[in-house]
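Below, each chain spelled out in residue letters.
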Amino acid sequence: MALMKREEWQDLVRDVDWTLSYADDDAVFPEWQSGNGKIPREAWSAWEESYKISYPEYVSVQAEKEAAAFAVKAALQRSTIFSSLDEGWKSCAKVHFGGVSLAEYTAFMAEARMARFGLAAPWRNMAVLGALDEIRHCQLSLFFAHEFVSKDPQYDWALKAFHTNDWAIVSARSLFDAMMVAGNVVDTAIQLPLVFETGFTNLQFVGLASDALASGDINFANMISSVQTDEARHAQQGGPTLELLMKHDPVRAQWIVDKMFWLSARVFAVLTGPAMDYYTPLDHRKQSYKEFMEEWIIGQFIRTLQDYGLKKPWYWEEFIEGLDIWHHSLHLGVWFWRQTVWWKPQAGVSKAERNWLNMKYPKWEEIYGPIWDQIIVNVNCGNMQATLPETVPWLCNACHLPLCTYTSSPDGKYRVRDFPLMHNNYTYHFCSKVCRQIWWEDRDMLHVKTIGERLLAGEIQPDDFSGILQYMGLTPDVMGDDAYGYKWAADYREPLGPKSSHPRPNSTRRREGVPSEALSIPINAKFGDDFVMHLVVVNTSDTMTEVAQRVAYHSVGKRVRPQDRAMVVYYEGRAVADDESVSQVGIGPFQQIFVDYASDSRGGR
Amino acid sequence: MENAVGPVLRMCDEVESVVRAIQDDNPADLEIVDRGAYVRVQRQGFLRVTRGSLERHLGAGFQMSRLESIMSAFAGRIRTSSDEIVWYLQGAGIPSEERPR
């Protein structure tokens, strides 16, 4: 018997709205969940999905996808492919499993909320299928990772990661909570299906699949590209919702897209950027992260947004400049703080890899070369202590990533800047003007405390680096180390510069002999051309000479080449006299200072 | 390619057949980008694939919904029916005879 075509009956069966008589519409679809805003209630009847599918079709197609994914897994489980995979590539998979598996579960909650509170019946129908999709993705990610747990405990973080306070997870959780569960469902439909799934997840699930396949990880490539076939469908909930919002409240539409685009781009710079440009073995890289971003985000996604009448985000130039910067800085941070992650970051700076980086990113050598050179000197001298951190980077109050974003200056030099904001007598710090603006506008949604703030509030004990690792859930069998055991540094056996030296250690705790009225205060400090700002504890009685030493301790000889010159402290843009104390200068807790070697003329920074 | 629209097909046995079906339906100006794990099939502003072409290359009785398991992503907007799928951009100056119905 011939079946009727779907379009001959679907309009009838999917229209399950009816006029409520036992309850008020507002009670069933409260504004705080349904997010109607300026859209007239009756306008929702025009909502029409562009990607249509019936439930029987859904079941049939999903069964086919599952059978295909599991058939490949079953076939490869008996092979020795896993043992031959490159350690750097395995880190790509570990980052993915830990960072994505339970984000898929959070996405299920978002879909379930849209299935309940969406104001159009066809939308709720699509969201039901979307919720089933996300359960599938969560289960696939957990199941595929589980196979390797007995071989490598870092794979156990597929399930564990989101239950810890690891800094990378705090950043991801802050984003996904704001994107998927903290807002009403109209905001959610723009943030998750439209911005995240039509745009960014393509990069991780399709772009990275090409690196995975080239690296020989057929199973992983097959799984993630299968997942994305679901996304391609249920992401289409965003389009019709955006059309309504553009008609009735375009300002709100633009703001939601702009905000979530930026925050997603920040997290992808640490999730996907290092995987593509550093962890994937050089011979297997299909394109650079920047090229994948240009293909998927700039070429494909932004063009579609413009088709809906949206403008490019107001920060477009900063975003484009960031494609050459963000993920390189974040990779450097992940490698240096490698004990704080559940994978083994591959440094990715052998001579051949460095040539590739310089070819893809012409500014790389100028900005990052000297920092890696100092690290390489330390590795080759066996001074491993100098390649490890003793404090935490200062983290952005919006994206929760370290303050390590270089931006260009009028003199052509790239510098890392702090973007502070005083609010209710408290100084917040941001990696960029854009993060600061987003936080200010939406601070009710983005109020997770950074790891640094938790440390300073006494929530992390003991309040030293060992306590921080413990707080993040990192145990010695899991905490990251260099993927190749530092063998890549052998490329540079000829010394690159002066032998490693390190300033005299000075404890961040109160020293003996400090006047009893002196207080220890945390400040946000950066040294010279180093790539990141640190949390440094100083005493109010410290002179600027002592403050400079405390700040230099975390950078000079570690990532900044030592020089035989005096150091200068800059505060509020001016150089401060060496013999002035912290209290005399008026430097307070959470304030930012900059320290550098003295130049011939002391100018403000 | 400016205003590129079209499917991104994942690695699977049917990719070549789907590409041939799309070629049948869009004889002119088609671009194919092969990145190993995925293949972009794209055209400026408008691209269509019909069930008739897919049946010719993949066998009689091919259901359009099955294309989903092969398509990881797509560029542009989409409109699906039992007989065809079209990808398009409204602002790309599509000839009237090619506008999605």
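Within each chain, residue numbers correspond to sequence positions counted from 1 in written order. For this description, chains carry letters from A and ligands carry numbers from 1, given in the order in which they are written. With the structure being a predicted model, the display of local features is reserved for residues of pLDDT at least 70 and the display and counting of side-chain atom pairs for 80 or more, all residues being used for whole-chain, interface and lining totals.

Things to note about the overall build of chain A
Scanning chain A for helices and strands turns up 24 helices and nine strands. Principal-axis analysis of the C-alpha atoms gives chain A an extent of 90 × 55 × 45 Å. The exposure label follows from counting other C-beta atoms within 10 Å of a residue's C-beta, where the C-beta atoms are placed from the backbone and the thresholds are 20 or more for buried and 12 or fewer for exposed, leaving partly exposed in between. By the burial criterion, 50% of the 605 residues in chain A qualify as buried. This entry defines residue contacts through backbone-placed C-beta atoms, with two residues in contact when those atoms are within 7 Å. For chain A, long-range pairs separated by at least 24 residues make up 79% of all intrachain contacts whose partners lie at least 6 apart in sequence. To qualify as a helix, a DSSP run of H or I must reach at least 4 residues; to qualify as a strand, a run of E must reach at least 2; elements of each kind are numbered from the N terminus.

Quick look at the sheet that holds strand β5 (residues 520-527) of chain A
Residue and element names in this part refer to chain A. Reading across the sheet, the five strands line up as β6-β5-β9-β7-β8 and stay open at both edges, with mixed pairing between neighbours. A strand with exactly one partner marks an edge of an open sheet, and here the two such strands are β6 (534-539) and β8 (574-576). Strand after strand, the sheet turns through a mean of 45 degrees between neighbouring axes, direction not considered. If DSSP finds at least two bridges between two strands, the strands pair. With three bridges joining them, strand β7 (residues 567-571) and β8 adopt antiparallel strand pairing. Across the sheet, the residue bridging to Tyr570 is Ala575, located in β8. Seen against the sheet, helix α23 (residues 544-553) touches β5, β6, β7, β8 and β9 (592-597) and runs at an angle of roughly 95 degrees to β7. Angles here are taken between N-to-C directions and fall from 0 to 180 degrees, while the axes themselves are lines fitted to C-alpha atoms, restricted in helices to the stretch in contact.

Here we look at the domain arrangement of chain A
Residues and elements named next belong to chain A. All the domain ranges listed were derived from an automatic or database domain assignment. You can read the domains of chain A as domain 1 (55-488) and domain 2 (520-597). At the junction of the two partners, domain 1 supplies 23 residues and domain 2 supplies 19 residues. Elements supplying a minimum of two residues to the side of domain 1 that touches domain 2: α17 (326-336), α19 (364-380), β4 (426-430) and α21 (451-456). For the side of domain 1 that touches domain 2, the element with the most residues is α19, which contributes four residues. Each residue is assigned to one of three groups, with Ala, Val, Leu, Ile, Met, Phe, Trp, Tyr, Cys and Pro labelled nonpolar, Asp, Glu, Lys and Arg labelled charged, and all others, Gly among them, labelled polar. Looking at the side of domain 1 that touches domain 2 residue by residue, the classes come out as 14 nonpolar, seven polar and two charged.

Some details on the interface of chain A and chain B
Tallying the contact residues gives 31 residues for chain A and 27 residues for chain B. Of the residues in the side of chain A that touches chain B, the class split is 10 nonpolar, 10 polar and 11 charged.

Some points on the packing of helix α9 (residues 167-181) of chain A against helix α13 (residues 250-271) of chain A
Residues and elements named next belong to chain A. Contact pair α9 / α13: the axes reach a minimum separation of 11 Å and the direction vectors enclose 155 degrees. What the angle tells us is that α9 and α13 run roughly antiparallel. In the crossing of α9 with α13, the sense of the turn from one axis to the other is left-handed. The residues of α13 that touch α9, namely those facing Ala168, Ser171, Ala172, Leu175 and Met179, are Met260, Leu263, Val267 and Val270. Convention used here: angles under 35 degrees read as roughly parallel, angles over 145 as roughly antiparallel, angles from 65 to 115 as roughly perpendicular, and any remaining angle as oblique. Each helix crossing is assigned a hand: it is left-handed if the near helix lies turned anticlockwise from the far helix by less than a right angle, otherwise right-handed if that turn is clockwise.

A few points about the nonpolar core
Joining buried Ala, Val, Leu, Ile, Met, Phe, Trp, Tyr and Cys residues through C-beta atoms within 7 Å gives a set, and that set is a nonpolar core. Among the nonpolar cores identified, the biggest contains 208 residues, and Ile190, Ala209, Cys396, Cys435, Val569 and Val595 of chain A are the most heavily contacted of them. For this core, the element with the most residues is helix α10 (residues 185-214) of chain A, which contributes 16 residues. Residue-level mapping places this core at the junction of two domains, with at least three residues from each of domain 1 (55-488) and domain 2 (520-597) of chain A. Not counting residues within four places of it along the chain, the set of residues in contact with Ala209 of chain A comprises Ala221, Ile224 and Ser225 of chain A together with Ala37 and Tyr38 of chain B.

Looking at the packing of helix α12 (residues 238-248) of chain A against α13 of chain A
Residues and elements named next belong to chain A. The N-to-C vectors of α12 and α13 enclose an angle of 130 degrees; their axes lie 6 Å apart at closest approach. As the angle between them shows, α12 and α13 are arranged oblique. Across the interface between the two elements, Leu242, Leu245 and Met246 of α12 pack against Pro250, Arg252 and Ala253 of α13. Of the residues that constitute the contact of α12 with α13, the class distribution is five nonpolar, no polar and one charged.

Considerations on the sheet that holds strand β2 (residues 31-34) of chain B
Strand order in the open sheet made by the four strands is β2-β3-β1-β5 (chain B), with antiparallel pairing throughout. Two strands lie at the open edges of the sheet, namely β2 and β5 (71-75) of chain B, each paired on one side alone. Taking the axes of each pair of neighbouring strands and ignoring which way they run, one obtains an average angle of 15 degrees across the sheet. Of the pairings in the sheet, the one linking strand β1 (residues 4-10) of chain B to strand β3 (residues 38-44) of chain B comprises five bridges and is antiparallel in character. Residue pairing for β3 of chain B: Ala4 of chain B is matched across the bridge by Gln44 of chain B. Its contacts with the sheet place helix α11 (residues 218-234) of chain A against β1, β3 and β5 of chain B, and it is angled at close to 50 degrees to β5 of chain B.

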